[in-house]
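This is what each chain is made of:
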Amino acid sequence: MQSTYLSRSLFGCTRISLISVAVLVGTMVLPAKGTAQQTGDSQQSASPPESSGMAEHAGKPTSLREVIQEADQRNPQIAASFHAWQASRNVPRQVSALPETQLSVQQFSVGSPRPFAGYSNSDFAYIGFGASQDIPYPGKRQLRASIAEHEAASMEAQTDSVRRTVVGNLKMVYFRLAYIQQTLGVLQRSDELLNQVQDASEARYRVGQGNQQDVLKAQLQHTKILQQIAHHHQEEGLLEAQIKQVLGRPQESANIVAETLTIRRLPYSAAELLQKAREQNPDVRSKQASIRRQETQVELAHKNFRPDFNVQYTYEHTGSQTRDYYMATFGIRLPNRGRQKAELAEAQENQERARQELDAESQRVLAEVQQQFVRAKTSEDRLKIYSDGLVPQSEATFQSALSAYQSNKQDFESLLSGFLDVLNLDLEYRNELVEHESALAELERLTGMDLP
């Protein structure tokens, strides 16, 4: 309801200005015609034809939801991060598996380097087949798998962070594009208004009621608006190129038309948003998974002080005159305690580093949430001031200046100043709306949730 009221108040200023200036034109340019003819001209001037710039945006708008869905499906950064996470999910099975089994074939000759020499006439010649298997100390493989699982959880959170960063940046550009496209229409309509004001000043100058300076000021302001329109067209093209890049679209594809911006109310308090950030922020979750990984790494470093084992079995086939040999071997690999102490110290330092990084990241995120909350709330107050105060006040001032100018009681500069106030406050309101929606988009990224 509030958004509808703001929109009506905003566009009402332009419509009233059109009618008011049209009345001025009808009064000054056509003084010889009757009252009925003047009224007809005023009504006709109140509905200016659609300019070519507005016609460019007459296509079906692409909603923000559709743009985000397309980015989820086609953005290469999101896709690359997703595949990195999927790859990390296969690591636990690798590190928890037993070491590779080693198979061997032996041939022992007697009396000659030739293979199988003395095989039939010596008790020592044989052909052997063996297998060897390393066995880590119980618990080591499970700890290595746990470390890899925590790393995969961290990668999952990083994937979510990459997606939310891409979507957040996309929202910023989309909001800015909506602002540029909407203000292009405002500038074009204002330029048509100014042309009528300029005609009125020229008409008064011709009948001796005005001066040439008024005409020149109107022409100067007309040129300034044309410059703004050209700048808006340039920025519109740059923003569309950015959006197409994020969406993976060809640059020569059709132009993007943004939806009309409407204000969204922030339904959460600062405390609620801070709690959401602690629980759901993907960067914080990634750091928490890193801490769990380092804690498990410390546990594994303690476990590495335990020895590993090796088992071997060999079958040796001799000549027919002797029996075959069978040999089983059990080995113990003792760890180097000096090296393991250094590994444990490294793991403990990395654990403390991870804790400090989590604390720093949490503080950064919470500070940003608080800043964006203040920004959004302050912007809401400013939008209310614009809609309930500045915009209607500027319109009333313009109407007063217009009446005084019609009765030759006020100069053209006051009329032009009132016109510029209406235009500038309209643009400022729309820019403030972009700032408000951008703050909400940042809060969505920081808290890991979507605001209604």
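These numbers come from a predicted model, not from an experiment.

The rules behind the values
- Residues numbered from 1 in each chain as written.
- Predicted model: local features only at pLDDT ≥ 70, side-chain atom pairs only at ≥ 80, totals over all residues.
- Heavy atoms only, no water.
- Helix = DSSP H or I, 4+ residues; strand = E, 2+ residues; numbered from the N terminus.
- Contact = heavy atoms within 4.5 Å.
- Areas by Shrake-Rupley, 256 points an atom, 1.4 Å probe, with all protein chains shown as cover.
- Expected span 1.5 Å × (residues − 1).
- Buried < 20%, exposed > 50% of the residue type's maximum accessible area, 1.4 Å probe, protein only.
- Arc of directions from axis to C-beta.
- Polar contact = N/O pair within 3.5 Å; in protein donor to acceptor, adjacent residues only side chain to side chain.
- Axes fitted to C-alpha atoms, helices over the stretch in contact; angles between N-to-C directions.
- Parallel < 35°, antiparallel > 145°, perpendicular 65-115°, else oblique.
- Left-handed = near helix turned anticlockwise from the far one by under 90°.
- Nonpolar A, V, L, I, M, F, W, Y, C, P; charged D, E, K, R; others polar.
- Pairing = 2+ DSSP bridges.
- Salt bridge = Lys/Arg side-chain N within 4 Å of Asp/Glu carboxyl O.
- Phe/Tyr/Trp six-rings, centres within 6.5 Å; stacked < 30°, edge-to-face > 60°.
- Core = buried A, V, L, I, M, F, W, Y, C linked by side-chain atoms within 4.5 Å.

Novice: For this particular structure, what's the right way to read the overall build of the protein chain?
Specialist: For the protein chain, the count of helices and strands is 12 helices and 4 strands. Sequence separation of 24 or more characterises 82% of the internal contacts of the protein chain that already satisfy a separation of 6 or more. As displayed, the protein chain offers around 24300 Å² of accessible surface, 52% of which is attributable to carbon and sulfur atoms.

Novice: Explain helix α5 (residues 76-88) to me, please; I cannot follow it from the model alone.
Specialist: Note on helix geometry: an α-helix contains 3.6 residues per turn, so any two residues three or four positions apart are oriented the same way. In this model α5 runs 18 Å from its N-terminal to its C-terminal C-alpha over 13 residues, within 8% of the 18 Å that 1.5 Å per residue would give. When α5 is considered as a whole, its buried residues turn out to be Ile78, Ser81, Trp85 and Ser88. Within α5, the buried residues cover an arc of 90° as seen down the axis, which keeps them to one side. In this structure, α5 carries Pro76 and His83 as exposed residues pointing more than 90 degrees from its buried face. Near the N-terminus of α5, the side chain that reaches the backbone nitrogen of Gln77, with its oxygen 3.0 Å away, is that of Asn75.

Novice: Is there a simple way to think about the packing of helix α8 (residues 212-247) against helix α12 (residues 412-447) in this case?
Specialist: In a packed pair of helices, the relevant descriptors are the angle between the two axes and the axis-to-axis distance. Running from N to C, α8 and α12 point in directions that differ by 15°, and their axes come no closer than 10 Å. With respect to their mutual orientation, α8 and α12 come out roughly parallel. Here the hand of the crossing between α8 and α12 comes out right-handed. Counting all contacts with α8, which are made through Asp214, Lys217, Ala218, Gln221 and Ile225, the residues of α12 involved are Phe412, Glu413, Leu416, Phe419, Leu420 and Leu423. Taken together, the residues that form the contact of α8 with α12 break down as 7 nonpolar, 1 polar and 3 charged.

Novice: Teacher, can you tell me more about the sheet that holds strand β3 (residues 308-318) here?
Specialist: Pairing between sheet strands relies on hydrogen bonds along the backbone, with the strands arranged either parallel or antiparallel. Read across the open sheet, the 4 strands follow the order β1-β2-β3-β4; overall the sheet is antiparallel. Because the sheet does not close on itself, it has two edges, and the strands there are β1 (102-108) and β4 (325-333). Taking each pair of neighbouring strands and ignoring which way they run, the sheet shows an average axis angle of 20°. Here β3 runs beside β4; their pairing, made up of 9 bridges, is antiparallel. When the sheet's bridge partners are listed, Thr314 is paired in β4 with Met327.

Novice: How do you make sense of the pairing of β3 when you look at a structure like this?
Specialist: Regular strands place side chains that alternate from one sheet face to the opposite one. In this sheet, β3 lies alongside strand β2 (residues 126-135) in antiparallel orientation, the contact comprising 10 bridges. The residue bridging Asp134 from the neighbouring strand is Asn310, located in β3.

Novice: Teacher, can you tell me more about the pattern of salt bridges here?
Specialist: Pairing of side chains with opposite charge becomes possible as their charged atoms draw close. In total, this model carries 27 salt bridges according to the counting rule given. For Lys384, the salt bridge identified is with Asp388, shortest N-O distance 2.9 Å. Of this pair, Lys384 and Asp388 both sit in helix α11 (residues 337-406), 4 residues apart, which is roughly one turn of that helix. On the basis of relative accessible area, Lys384 is assigned to the partly exposed category, the value being 47%. Arg445 is the partner of Glu442 in a salt bridge, and the nearest nitrogen-oxygen pair spans 3.0 Å. Of this pair, Glu442 and Arg445 both sit in helix α12, 3 residues apart, which is roughly one turn of the helix. With respect to class, Glu442 is no different from Arg445; both count as buried.

Novice: I tried to follow the side chain of Glu442 on my own but got confused; where do I start?
Specialist: Using a relative accessible area of 13% as the deciding quantity, one classes Glu442 as buried. Sequence-distant contacts of Glu442, that is, excluding residues within four places in its chain, are made with Met172, Glu368 and Gln372.

Novice: Which parts of the structure should I look at to understand the packing of aromatic side chains?
Specialist: Where two aromatic rings form a pair, the distance of their centres and the angle of their planes describe that pair. Tallied over the full model, the rule gives 7 aromatic pairs. Between Phe108 and Tyr126, the aromatic rings sit 5.5 Å apart at their centres with planes inclined by 15°, giving stacked as the arrangement. Here the residue Phe108 occupies a position in strand β1, and Tyr126 occupies one in strand β2, the gap between them amounting to 18 residues. Aromatic pair Phe309 and Phe330: ring centres 5.8 Å apart, planes at 25°, arrangement stacked. Taken as a pair, Phe309 in strand β3 and Phe330 in strand β4 lie far apart in primary sequence, 21 residues in all. An aromatic cluster is built from Tyr137, Phe309 and Phe330, whose rings are joined through pairwise contacts.

Novice: Any chance you could explain the environment of Lys341 here in plain terms?
Specialist: Among the structural elements, Lys341 can be located in helix α11. The spacing of Lys341 and Phe305 is 36 residues in sequence and 8.4 Å in space, taken between C-alpha atoms.

Novice: Explain the nonpolar core here, please?
Specialist: Across soluble globular proteins, nonpolar side chains show a tendency to be buried alongside one another. Phe175, Ile225, Ile243, Phe412, Leu415 and Phe419 are the most contacted members of the largest nonpolar core, which has 48 residues in total. Among the secondary structure elements, those contributing two or more residues to this core are α4 (64-74), α7 (140-206), α8, α11 and α12. Ranked by residues supplied to this core, first place goes to α7 with 15 residues. Not counting residues within four places of it along the chain, the set of residues in contact with Phe412 comprises Val197, Ser201, Asp214, Lys217, Ala218 and Tyr405. Ranked by size, the runner-up nonpolar core spans 20 residues in total, among them Ala354, Leu358, Val369 and Ala439.

Novice: Explain α12 here, please?
Specialist: When the terminal C-alpha atoms of α12 are compared, their 53 Å separation across 36 residues agrees well with the 52 Å that a helix rising 1.5 Å per residue should span. Of all 36 residues making up α12, 27 are buried, and the element is well covered by its neighbours.

Novice: How should I be thinking about the environment of Asn350 in this particular structure?
Specialist: Summarising the element assignment, Asn350 is placed in helix α11. What makes Asn350 partly exposed here is its relative accessible area of 23%. Each C-alpha atom, one on Asn350 and one on Val298, is 8.9 Å from the other, the two residues being 52 residues apart in sequence.

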